[in-house]
Amino acid sequence: MKTLENALQEGRKFLKEKQIADSDIDAWYLLSFLFKMDRARYLMHSSMPISQVEYHEYMELVKKRGNHIPLQHITGEQEFMGLNFKVSKDVLIPRQDTEILVQEVLKTAEGKNVLDMCTGSGCIIISLDKLGNIKSGVGVDISEAALKIANENNTRLETKVQFLQSNLFEQVRGKYDIIVSNPPYIPTSDIETLMDEVKEHEPPIALDGKEDGLYFYRCILSEGTEYMNPGGFIFFEIGWDQGMAVSRLLKEKGFQDIRIIKDLAGLDRVVTGRYVNQEEPFT
Ligand code: GLN
């Protein structure tokens, strides 16, 4: 008869052999997910016997993870900003780094109309709606499949974001006080260097920022100002080495108060600036 502890040990050993990063943690998460058990309950019941069927089910999950399927695709969820989001292969799995972006927007978001470009799972705009007391939130994505997940998250988290299928601003109407975006920003030639979990299982459309990784920043800046109220803010998540380049793009567009914000690892992660309408009326 196997116990919970036996299963966990075998899960850890299997994932270690498969050279899965964070093998011990992932073996635990899968056990916790299958048996709906937190750490305290596990510690009290680790010698509890489990059935053959349960053991088999657990090892099936472990084998999936051993094949580099992301943990979140197996459990179907990811925590972000303390909220539980549904995820699938159709959306980028919310990253902890992106919480830096949301936290920065939260400082000015109260009472504002916010547009989230390339919304994916909706994690950014839903978090802002849930935590930021914003006036209204719109999430835009080109992918119908992604928006299905975003809408499910909207229902699950009881938020009132409006999701819109659009190729960048094509279908967008109106003006916003804040535009926030975590667009695809990995240069095409870097994609093959990413972990298998990312390059084999996450949507390339959510990662690939074309030749120099900056394609979507240029598009969003060149069209986006038409949809911004003067005095409004833009917030971009960026890759660690894109701070200077994206700041320069904002400067060229006449943005002011441009700042780069670092993530918890001390790397550049967010660029923000204020849009000031340059056109002075004729006198
Ligand atoms: N930060 C993500 C990664 O490293 C990429 C996110 C993006 O392209 N927007 O996988």
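Computed from a prediction, not measured in an experiment: that's the story for all the values here.

Participant: So what exactly am I meant to see when it comes to the UniProt feature "domain: Methyltransferase small" (unreviewed entry) in the protein here?
Facilitator: Under the feature "domain: Methyltransferase small" (unreviewed entry), the UniProt entry names residues 98–188. Secondary structure across residues 98–188 comprises 34% helix and 23% strand; the distance between its end C-alpha atoms is 21 Å.

Participant: Just checking my understanding: could you explain the packing of helix H6 (residues 97–106) against helix H7 (residues 123–131) for this structure?
Facilitator: Each pair of packed helices can be summarised by the angle the axes make with each other and by the distance between the axes. Where H6 contacts H7, the axes come no closer than 10 Å and their chain directions differ by 40 degrees. It follows from the interaxial angle that H6 and H7 lie oblique. The interaxial crossing formed by H6 with H7 has right-handed handedness. For the pair H6 and H7, the contacting residues are Thr98, Leu101, Val102, Val105 and Leu106 in the first and Ile124, Ser127, Leu128 and Leu131 in the second. Of the residues contributing to the contact of H6 with H7, the split by class is seven nonpolar, two polar and no charged.

Participant: What am I meant to see in the site of the ligand here?
Facilitator: Every residue close to the ligand is listed here: Leu92, Arg95, Asn182, Pro183, Pro184, Tyr185, Ile186, Ala206, Leu207 and Glu237. Contact distances for the ligand include 2.8 Å between an oxygen atom and a side-chain N or O atom of arginine 95. Contact distances for the ligand include 2.9 Å between a nitrogen atom and a side-chain N or O atom of tyrosine 185. Out of a free accessible area of 300 Å², the ligand has 86% covered by protein chains. Of the residues belonging to the shell around the ligand, the class tally is seven nonpolar, one polar and two charged.

Participant: Can you walk me through the pattern of salt bridges in this structure?
Facilitator: One pass over the full model with this rule turns up 18 salt bridges. With a closest N to O distance of 3.8 Å, glutamate 17 and lysine 13 form a salt bridge. Of the two residues, glutamate 17 and lysine 13 are both situated in helix H1 (residues 4–17); the distance of four residues between them amounts to about one turn of the helix. Side by side, glutamate 17 and lysine 13 carry an identical accessibility label, which is exposed. A salt bridge links glutamate 104 to lysine 107, with the nearest nitrogen and oxygen atoms 3.0 Å apart. Among the residues examined, glutamate 104 registers a relative accessible area of 7% and is labelled buried. Since its relative accessible area comes to 61%, lysine 107 is described here as exposed.

Cut-offs applied
Residues numbered from 1 in each chain as written. Predicted model: local features only at pLDDT ≥ 70, side-chain atom pairs only at ≥ 80, totals over all residues. Heavy atoms only, no water. UniProt positions renumbered as here; feature names shortened; annotations may be inferred. Helix = DSSP H or I, 4+ residues; strand = E, 2+ residues; numbered from the N terminus. Axes fitted to C-alpha atoms, helices over the stretch in contact; angles between N-to-C directions. Parallel < 35°, antiparallel > 145°, perpendicular 65-115°, else oblique. Left-handed = near helix turned anticlockwise from the far one by under 90°. Contact = heavy atoms within 4.5 Å. Nonpolar A, V, L, I, M, F, W, Y, C, P; charged D, E, K, R; others polar. Near = heavy atom within 4 Å. Polar contact = N/O pair within 3.5 Å; in protein donor to acceptor, adjacent residues only side chain to side chain. Areas by Shrake-Rupley, 256 points an atom, 1.4 Å probe, with all protein chains shown as cover. Salt bridge = Lys/Arg side-chain N within 4 Å of Asp/Glu carboxyl O. Buried < 20%, exposed > 50% of the residue type's maximum accessible area, 1.4 Å probe, protein only.

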